[in-house]
Amino acid sequence: MIEKIKQIEQEAQTEIATVQTLDHLELFRVKYIARKGLVPTLFDSLKTLESSIRPEMGKHLNDLRNKVQKLFDDKKEALEKNLHSEKESIDLTLPGRKRWIGTKHPITQTLDEIKRIFFKMGFEVAEGPEIEDDYHNFEALNFPPDHPARDMQDTFFVSDKILLRTHTSPVQIRVMEKQKPPVRVIMPGRVYRNEAISSRSYCLFHQVEGLYVDTRVTFSELKGTLVAFAKQFYGSNIKFRFRPSFFPFTEPSAEMDITCFLCKGSGCRVCKQTGWLEILGCGMVHPNVLKNVNYDPDKYSGYAFGMGIERIAMLMYGIDDIRILYQNDLRFLKQF
Amino acid sequence: MRISLNWLKQYVEINQTPEELAHSLTMLGLEVESIERLGDKYNNFFVGKVVNVQKHPKADKLTVCQVDVGEKTLQIVCGAPNIAENQIVAVGLEGAIVPKNQHDPEGKPFQLSKVSLRGTESNGMICSEYELDLGEDKDGILILKINAPIGTPLSKYLDLDDIIFEIGVTPNRPDALSHIGIAREVATIQNKTISLPVTKVIEDTAKISSKVSIKIEDPDNCPRYSARLLTDLKIKSSPEWLKQRLKSIDIRSVNNIVDITNYVMMECGHPLHAFDYDKLEQGMIVIKCAEENQPFITLDHKERKLRKDTLMICDSHKPIAIAGVMGGENSEITKDTKTILLESAYFLPRSIRKTSKHFSLVSDASQRFERGADPNGTIWAINRAAQLIQEIAGGKVLNGIIDVYPKIVEGEKVILRLSKLIEIVGITIPKEMVIEILSKLSIKVIDISRRENDDTIIVQTPTFRPDLQLEIDIIEEVARIYGYDNIPVHQASLIKFSENAPIKNQISEMKAHFIGAGMSEIITNSMQTIQTALLSSPHPVQISNPISRDMESLRTSLLPNMLEVIRENIFRGTTLVRLFEFGNIYFNNPYIAGKYLKEYQEVAMLTIGLSGSANRVNWDEKSRFYDIFDIKGEIESFFEKISLDNIKFIPYSTTNALSESDLRIEINSEYIGTIGMIRKDVLKRFGIEQDVVFADIDVDKIIKLADIKKKFMSLSKFPSVIRDIALVVHRTVQMDRIEEVIKQYGSELLRKVELFDRYTGEQIGKDNVSYAFSLEFISSDHTLTQNEVDKVFNNITKKLEQQLKAVIRQ
Ligand SMILES: [Zn+2]
């Protein structure tokens with residue numbers, strides 16, 4: 001019996017080595033492992049043995065069965081793996097199936113980032129019309145009729161007293177007309193200027209206006225808010241300066257500059273050799289404006305600021321022609 | 001405003017470098033936009049002496065000159081007819097940029113390099129007056145004074161070592177539109193005093209009053225009119241120093257009289273005007289408004305139709321100048337002028353601005369008057385001009401000034417509360433410092449309260465600062481001089497946040513959806529031609545002063561812009577486009593109330609445009625072009641994303657200006673938008689050779705309908721049952737009708753109906769269509785039994801058979 005077991009084991013080992021296909025392996029299985037195969041047949045012959053040696057022989061037989069089974073399993077795994085890799089022998093350097101890629105316009109990206117920062121600082125969003133009346137666009141903002149300050153903003157007119165807003169500041173008036181202080185809003189939107197179209201100016205652009213009116217709002221606070229914005233937007237190591245300027249609806253008025261991030265302040269073409277980049281205009285809400293919306297200027301004060309989104313986007317991405325933002329060339333849009 | 005540093009130094013001591021000065025001015029609100037070194041224009045130009053002139057061996061018109069330029073003698077080929085030995089000339093060396101090219105029609109500058117002219121080496125260029133931009137003479141080289149030191153840089157010889165600051169003066173600061181005005185600001189921050197030139201006029205014994213009479217008929221628009229009479233003048237060109245001064249700030253020299261009036265205006269900011277006295281009837285000046293439609297020819301030889309609100313300077317018979325804007329041709333100074341009447345007046349800013357706007361006529365004078373000249377500055381200016389005229393043009397100044405000034409204009413009296421100053425600025429500036437700042441600015445302190453709890457200071461503003469009227473104006477001045485940078489950066493530790501929970505920015509979320517769906521956002525112009533605007537609405541908003549005809553209307557649809565963007569992209573080689581735009585369209589419909597303005601409506605729209613291959617080019621997929629079902633699918637997915645249901649797509653029967661195969665989108669019977677295909681003839685007009693499918697959706701409406709407050713709905717714990725149904729119907733039965741029947745009889749158990757197959761073919765009869773749907777049933781409170789589902793399912797099949805004559809296939 002022992003010899004028989006050893007013989008089968010050897011035969012199986014020799015034979016398995018010659019197996020190359022799954023079909024051949026099946027023959028192997030039938031010959032050794034299947035119900036009528038050599039190993040089960042040996043098990044059957046166990047009962048013909050003397051009961052004293054049966055357990056020992058049984059143990060040997062079990063070993064044999066495990067060994068043959070393992071030979072079979074290993075071979076099967078190896079063959080299947082081979083077969084699998086043969087199927088996959090397709091050229092894997094072929095490109096994958098790509099999906100479409102969408103893009104967000106750089107103006108939207110810039111605006112979204114500005115909004116995100118002001119949301120964190122407690123500002124809400126307000127909106128107003130692009131077709132405005134003279135009162136909201138100019139008069140209520142302390143631009144008297146026939147005042148040279150109106151020349152600062154070349155205007156498209158729809159009729160005598162109706163125009164395309166030249167800035168988002170009229171939204172300030174509309175918000176304050178509807179709401180009592182405190183007011184803390186930003187007002188993004190499209191504005192129009194009747195200027196010749198060139199690489200530096202387009203007939204329309206986008207602004208974000210900000211307004212905060214409450215008791216005890218100061219210029220110092222205005223600086224604080226805008227510096228906090230600029231540091232979040234441009235990085236906390238920027239340098240900044242506020243210099244006096246003029247807007248009819250704010251007083252004192254200022255322009256905020258930051259160190260040119262292209263030349264780090266040493267002077268270049270973009271900053272016109274000054275080392276500084278103007279990023280926004282701001283100031284304390286003029287008492288006449290507060291009076292126009294029936295706020296008591298002795299009780300309330302406020303600040304306002306405004307920035308041009310295209311300008312900021314152009315500086316940020318190094319775009320030197322504003323018109324490209326409105327051409328919507330996909331080769332351009334896909335860069336963002 | 002161009003400000004010359006050398007000129008400025010006449011009034012105030014300046015120790016700073018030009019860059020430091022520019023910074024100081026900028027930080028005072030007088031933004032220096034550029035610094036120009038005039039001398040730089042003549043880098044590499046020197047004074048030279050022509051030591052030898054020989055004929056060019058190969059060219060008759062050329063000479064070969066040896067020119068001593070100080071350190072060396074150079075050979076230069078010259079073409080000028082007036083060249084001669086021992087001349088002192090201006091020589092440009094290699095690298096010099098010649099300001100004007102005589103041989104270029106526009107006179108564009110060019111750079112000199114070593115050249116060979118007809119085989120002879122030339123190491124520079126002897127220049128003409130024109131080439132050096134010093135005058136118009138092109139006929140020969142410029143010959144300098146014989147004693148000019150050889151080898152001197154030309155800029156130094158010409159006294160061009162000046163620096164010009166281009167200052168952006170804001171409209172509230174007319175006082176800064178002059179050299180003395182800027183000097184005043186420089187003195188303020190540098191703790192210096194300005195020194196004004198002393199005006200000394202030597203008057204003749206003859207009196208002006210015997211020759212001139214002045215009457216202001218409109219004292220509101222002309223509060224002051226001062227005049228002098230100067231006789232026995234010689235009109236000629238101005239001396240070099242005066243020409244140079246004016247040239248440095250870009251003012252053309254005309255003659256000595258006109259130049260002096262311009263010089264004084266640029267010196268002190270007060271505009272002056274000179275009339276040829278002999279052309280005035282009866283030596284009379286009357287200031288009054290014109291008659292409507294009266295014609296008048298201004299100095300620029302243009303005829304203008306006056307209006308009855310145009311303030312005019314007249315003699316006894318006729319108008320002779322548009323007050324404060326421009327003189328008339330009929331009283332112009334000419335070379336024969338002997339006697340002038342010199343005007344120094346103050347006009348009301350509003351009146352001047354109206355006139356200047358009406359005639360689109362802007363002059364240096366009108367700019368200053370409309371911003372506000374100094375009513376008390378007329379006398380200094382007229383005396384300064386009289387003195388200079390006497391020095392330069394000779395002649396006599398008659399005794400006396402006629403000064404009509406019925407009501408003296410005084411500076412504004414303003415109460416400044418220090419508490420308000422603190423409240424606005426945010427820090428305490430000591431009272432003494434405030435008073436010091438005010439005095440530096442010539443703001444007179446007329447009273448300081450000594451009472452307790454009273455922090456007021458009463459001040460009077462100088463009349464050259466018309467922008468200072470209110471307390472806030474004084475506060476700004478104090479802050480400006482104190483320095484904005486010295487005001488600390490402070491942010492309140494407690495920010496007031498809104499009481500309302502933030503409303504999600506829905507547009508942002510929608511944009512994110514389309515970007516995720518592989519589309520690119522575009523942003524386009526909101527102005528278009530009226531023809532384009534009329535394609536989509538009979539009520540476009542028209543612009544009365546458009547930049548050009550292609551922008552005379554506001555857009556009434558985003559589609560035309562979309563088509564243009566598609567065309568441009570295809571033209572540039574990008575033929576696969578998936579685009580969307582969120583933007584407003586505008587109407588002027590008198591019958592609809594706008595949200596903000598009566599008669600004007602603004603509607604937020606979303607437009608999508610798809611064109612080209614519907615799938616990305618792939619090596620194992622067949623490409624096909626977009627059709628209506630692609631755009632429909634995009635919109636269905638979008639509505640699914642924003643949880644909008646009850647959507648109906650209804651085929652249009654009417655034709656549209658731009659599109660065909662349109663489907664109206666309706667939600668709860670309300671019109672939401674359109675999807676469709678752009679018509680072939682429209683595509684052709686736009687120059688697009690591939691199909692375009694589009695969607696055009698009213699954003700305000702979907703925002704209103706979309707469920708913005710997303711609430712969690714508990715998920716069913718029980719399994720769903722899927723049943724498929726296949727049926728054959730006549731081809732006239734539309735798919736949505738089948739779906740409607742299924743839904744109608746699906747009971748509350750039916751959750752979803754999905755079409756997964758559609759088939760036409762001979763086997764089912766050529767007039768038939770076969771559909772296969774998958775139906776999902778579910779209950780929220782128990783596991784459905786086969787029986788329950790069977791009941792509903794059988795009812796559906798029965799109704800399909802009855803109502804649509806459908807044949808159910810097993
Ligand atoms: Zn720079």
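Just so it is clear, the structure is predicted and the values come from calculations on it, not from any experiment.

Calculation notes
Residues numbered from 1 in each chain as written. Chains lettered and ligands numbered in written order. Predicted model: local features only at pLDDT ≥ 70, side-chain atom pairs only at ≥ 80, totals over all residues. Heavy atoms only, no water. Pairing = 2+ DSSP bridges. Helix = DSSP H or I, 4+ residues; strand = E, 2+ residues; numbered from the N terminus. Axes fitted to C-alpha atoms, helices over the stretch in contact; angles between N-to-C directions. Contact = heavy atoms within 4.5 Å. Phe/Tyr/Trp six-rings, centres within 6.5 Å; stacked < 30°, edge-to-face > 60°. Buried < 20%, exposed > 50% of the residue type's maximum accessible area, 1.4 Å probe, protein only. Lys NZ or Arg CZ within 6 Å of the ring centre and 35° of its normal. Donors = N, O, S within 2.8 Å, 3.2 Å for Na, K, Ca; no water. Tetrahedral: all angles 85-135°; square planar, octahedral: opposite > 155°, others 65-115°. Salt bridge = Lys/Arg side-chain N within 4 Å of Asp/Glu carboxyl O. Nonpolar A, V, L, I, M, F, W, Y, C, P; charged D, E, K, R; others polar. Patch = residues over 30% accessible without salt bridge, like charges linked within 9 Å, V, L, I, M, F, W, Y side chains within 5 Å. Areas by Shrake-Rupley, 256 points an atom, 1.4 Å probe, with all protein chains shown as cover. Lys, Arg positive; Asp, Glu negative; His and termini not counted. Charge placed at Lys NZ, Arg CZ, Asp CG, Glu CD.

Caption draft 1: Layout of the sheet that holds strand β27 (residues 444-448) of chain B. All names here are of chain B. Spatially, the 3 strands line up as an open sheet ordered β26-β28-β27, and their pairing is antiparallel. If you trace the sheet from one side to the other, it starts and ends with β26 (413-417) and β27, each paired once. This sheet shows a mean twist of 30° between the axes of neighbouring strands, independent of strand direction. Pairing analysis gives 5 bridges linking β26 to strand β28 (residues 456-460), with the strands arranged antiparallel. Paired with Lys413 across the two strands is Gln460, which belongs to β28. Along the sheet face, helix α10 (residues 418-425) touches β26 and β28 and points at about 65° away from the line of β26.

Caption draft 2: Inspection of the packing of aromatic side chains at higher detail. Using the criterion set out here, one finds 28 aromatic pairs over all chains in the structure. Ring centres of Tyr295 of chain A and Tyr300 of chain A lie 6.0 Å apart, and the angle between their planes is 55°; on these two criteria the pair is classed as tilted. An identical accessibility class is assigned to Tyr295 of chain A and Tyr300 of chain A; each is buried. Centre to centre, the rings of Phe332 of chain A and Phe336 of chain A are 4.9 Å apart; their planes meet at 65°, and the pair counts as edge-to-face. Given a relative accessible area of 23%, Phe336 of chain A falls into the partly exposed group. An aromatic cluster is present here, built from Phe118, Phe123, Tyr212, Phe229, Phe233, Tyr234, Phe261, Tyr303 and Phe305 of chain A joined pairwise through their rings. Positioned over the ring face of Tyr212 of chain A is Arg184 of chain A, at 4.6 Å from the centre of the ring. Geometry around Phe464 of chain B places Arg184 of chain B over its ring, the cationic atom sitting 3.7 Å from the centre.

Caption draft 3: Fine view of the coordination of the zinc ion. Residue and element names in this part refer to chain A. Taken together, the protein ligands of the zinc ion are Cys260 (SG), Cys263 (SG), Cys268 (SG) and Cys271 (SG), with distances of 2.2 to 2.3 Å. Because the angles between the 4 donor atoms bound to the zinc ion fall within 101 to 115°, the donor set is best described as tetrahedral. Since its relative accessible area comes to 18%, Cys268 is described here as buried.

Caption draft 4: The arrangement of the interface of chain A and chain B in detail. Every contact between the two is made by 93 residues of chain A and, on the other side, 89 residues of chain B. A salt bridge links Arg417 of chain B to Asp298 of chain A, with the nearest nitrogen and oxygen atoms 3.1 Å apart. The leading source of residues in the side of chain A that touches chain B is helix α8 (residues 219-234) of chain A, at 8 residues. Grouping the amino acids of the side of chain A that touches chain B by side-chain chemistry returns 41 nonpolar, 22 polar and 30 charged.

Caption draft 5: Main features of a positive patch on the surface. Residue and element names in this part refer to chain A. A cluster of basic residues, Arg200, Arg269, Lys272 and Arg311, forms a positive patch on the protein surface. As for its position among the elements, Lys272 is in the loop between β7 (250-259) and β8 (276-285). We classify Lys272 as exposed; its relative accessible area is 53%.

Caption draft 6: Spotlight on the pattern of salt bridges. All names here are of chain B. Evaluated as defined, the whole model comprises 67 salt bridges over all chains. Here Glu36 and Arg2 are joined by a salt bridge, their closest N and O atoms 3.1 Å apart. With a gap of 34 residues between them, Glu36 in strand β2 (residues 31-37) and Arg2 in strand β1 (residues 2-4) connect regions that are remote in the sequence. Note on Glu36: relative accessible area 34%, which makes it partly exposed. Judged by its relative accessible area of 14%, Arg2 falls in the buried class. Between Asp767 and Arg731 there is a salt bridge whose closest N-O contact spans 3.2 Å. Here Arg731 lies in the loop between β38 (721-730) and α19 (735-744) and Asp767 lies in the loop between β39 (750-759) and β40 (768-777), a separation of 36 residues in the sequence. Members of the salt-bridge network, linked through shared partners, are Arg173, Asp175, Glu185, Arg465, Asp467, Glu477 and Arg480.

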